[in-house]
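Examining the three-dimensional arrangement
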Amino acid sequence: MSENKMGVMPVNRLLVTMSIPMVISMLVQALYNIVDSMFVARLSENALTAVSLAFPAQNLMISVATGTGVGINALLSKSLGEKNYERANKTANNAIFLAFCSYIVFAVLGISFSRTFFAIQTDVAEIVDAGAQYLIICTVFSFGMMFQITGERLLQSTGKTFYTMITQGTGAIINIIFDPIFIFGLLGFPKMGVAGAAAATVLGQIVAAILGFIFNRTRNKEIHVTMRRFRPDAFIIRTIYLVGVPSIILAAIGSIMTFGINKILIAFSTTAATVFGVYFKLQSFIFMPVFGLNNGMVPILAYNLGARKPDRIIKTIQLSAIYATAIMLLGILVFWIFPRQLLAIFKASENMTSIGIPALRIISISFLFAGFSIITTSVLQAFSHGFLSLSVSMIRQLVVILPVAYLLSLTGRLELIWWAFPIAEIVSLLLCSNYMRIVFRKEIKPLYGVAASAQGTSL
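Now for a description of the structure that goes with this document. Just so you know, these numbers come straight off a predicted model, no measurement behind them.

Regarding the pattern of salt bridges
This structure, assessed with the given rule, holds five salt bridges. The salt bridge involving Arg 396 is made with Glu 425; its shortest N-O contact spans 2.9 Å. Note that Arg 396 is positioned in helix α15 (residues 386-409) and Glu 425 in helix α17 (residues 420-458), a separation of 29 residues in sequence. Exposure class is identical for Arg 396 and Glu 425. Each is buried. Arg 413 serves as the salt-bridge partner of Glu 415, at 2.9 Å between the closest nitrogen and oxygen. What makes Arg 413 partly exposed here is its relative accessible area of 44%. Members of the salt-bridge network, linked through shared partners, are Glu 86, Lys 90 and Asp 233.

Laid out in structure tokens, this is it:
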């Protein structure tokens, strides 16, 4: 089999061609997140709050799917770089099995604990009722999301990111189209309210999952996905989760942080928690492109690690950090110049606007440092240093953001709470700089000796 493009194409062109489809699809994903909340906001502020409070639970599901996907990416791309095609196929088949297992777990949890999850956060009956309906639908039909993300990771692992743009984009467009139809009961459909937003979301995910399956069967020739005579492989699963579990925990920590911040903010008002939820919707427009860049970067790093090409690894990391920082700087400008207009998308009241403008401006200061940190944590995952990546997230969100936010809340001044985010990002930047030095010394630098030895042998 000829050399994969990840080992021979000029690095800048490779990173751009692999990342651009992911960036586009991530932007579409961010758009449907905003459209989702925009339509829900037309129902009432309580409806918007219900969707905002559901975010930690939804994020936990996404964390498990994407975290497992990071492990799949790292092992599958490395196997291809080493020309170990049998292990690559086993990795793909075990990935499908793990997606099914994850779905069963979340379906059971959603049915059993959705109402309790909202009742812990607020005693407003309207929010609890709407939120529970929303979350039950998202969990019971989460097989769409699990198989969608897994299918996309298989495509990404072999460099076929164009097809992931199609799956994600199609799913998002279906969500956007059916949001108003299901929420408001258009075209003869019953008016479902907040539950309609969940129904549109899972419909888009199911269609995207079907497309992902088709593309992997017909376009992804470097791996062969089949569940015939399948048996779970303990070594493959253990290797996937060696990288994936820290990544899952890393992403899940965000759910814990969000849940904690919501509790702190609700002590001031439900509107403050709604503003925080709106911020997360808006910041996805800035962070999603960087995550798309990450999704293009990780398989390149893993492949060239397996192929022992250190120069390509270093250049990939450098370019990714530069692009990520540029995206974040653009985000700061938007949040500082247009905060009122951004909040108006969600039909913000004067009270919500007065809380939201300082919130968006203060939190966005953290963007200045976040780009480098996001790239670094993905580099750590690609080199199987998942626990270093995990420590960055744990320290940033649990050791800094939550305690600092709580202490600032004791002043009784809501606007001071937002400063916890820039403070935490500075700490994260310092940690990431140190960890990158460790990765270079232990992982990348030794590859130069291996490459020189191989060249001498060939001569």
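Having seen the model, we can carry on.
Things to note about the packing of helix α4 (residues 85-121) against helix α6 (residues 143-157)
For the pair α4 and α6, interaxial distance at closest approach is 9 Å and the crossing angle is 160 degrees. Relative to α6, α4 is oriented roughly antiparallel. Both α4 and α6 take part in a crossing whose hand is right-handed. In this structure, α4 uses Ala 92, Ala 95, Ile 96, Ala 99, Phe 100, Ser 102, Tyr 103 and Phe 106 to contact α6, whose residues at the interface are Phe 143, Met 146, Phe 147, Thr 150 and Leu 154.

Structural notes on unusual backbone geometry
Of note, Leu 187 is a non-glycine position whose phi angle comes to about 55 degrees, a positive value. Take Leu 187: it is sitting in the loop between α7 (161-184) and α8 (194-218). A relative accessible area of 72% places Leu 187 in the exposed class.

Structural notes on the packing of aromatic side chains
The final tally for this structure, using the stated rule, is 19 aromatic pairs. Measuring from centroid to centroid gives 5.3 Å for Phe 178 and Phe 182, while their planes differ by 40 degrees, and the two rings are tilted. One end of the pair is Phe 178 and the other is Phe 182, both in helix α7 and four residues apart, which spans about a single turn. Ring centres of Phe 335 and Phe 367 lie 5.3 Å apart, and the angle between their planes is 75 degrees; this geometry places the pair in the edge-to-face category. Placement of the pair is Phe 335 in helix α11 (residues 310-337) and Phe 367 in helix α14 (residues 367-382), with a sequence separation of 32 residues. Like Phe 335, the residue Phe 367 is buried in the burial classification. Of the aromatic side chains, those joined through ring pairs into one cluster are Phe 55, Phe 276, Tyr 279, Phe 280, Phe 287, Phe 291, Phe 335, Phe 367, Trp 418 and Phe 421.

A word on the packing of α6 against α7
The N-to-C vectors of α6 and α7 enclose an angle of 160 degrees; their axes lie 8 Å apart at closest approach. Taken as axis vectors, α6 and α7 run roughly antiparallel relative to one another. Note that α6 runs across α7; the crossing there is left-handed. Of α7, the residues touching α6 (which contributes Gln 148, Glu 152, Leu 155 and Gln 156) are Thr 161, Tyr 163, Thr 164, Thr 167 and Gln 168. In terms of residue class, the contact of α6 with α7 is made up of two nonpolar, six polar and one charged.

Remarks on the side chain of Ser 102
Its location among the elements puts Ser 102 in helix α4. In this view, Ser 102 contacts Val 64 and Met 146; residues no more than four positions away in its chain are not counted.

What counts, and at which threshold
Residues numbered from 1 in each chain as written. Predicted model: local features only at pLDDT ≥ 70, side-chain atom pairs only at ≥ 80, totals over all residues. Heavy atoms only, no water. Salt bridge = Lys/Arg side-chain N within 4 Å of Asp/Glu carboxyl O. Helix = DSSP H or I, 4+ residues; strand = E, 2+ residues; numbered from the N terminus. Buried < 20%, exposed > 50% of the residue type's maximum accessible area, 1.4 Å probe, protein only. Axes fitted to C-alpha atoms, helices over the stretch in contact; angles between N-to-C directions. Parallel < 35°, antiparallel > 145°, perpendicular 65-115°, else oblique. Left-handed = near helix turned anticlockwise from the far one by under 90°. Contact = heavy atoms within 4.5 Å. Phe/Tyr/Trp six-rings, centres within 6.5 Å; stacked < 30°, edge-to-face > 60°. Nonpolar A, V, L, I, M, F, W, Y, C, P; charged D, E, K, R; others polar.

Remember that the coordinates give geometry; whether it matters functionally is a separate question.
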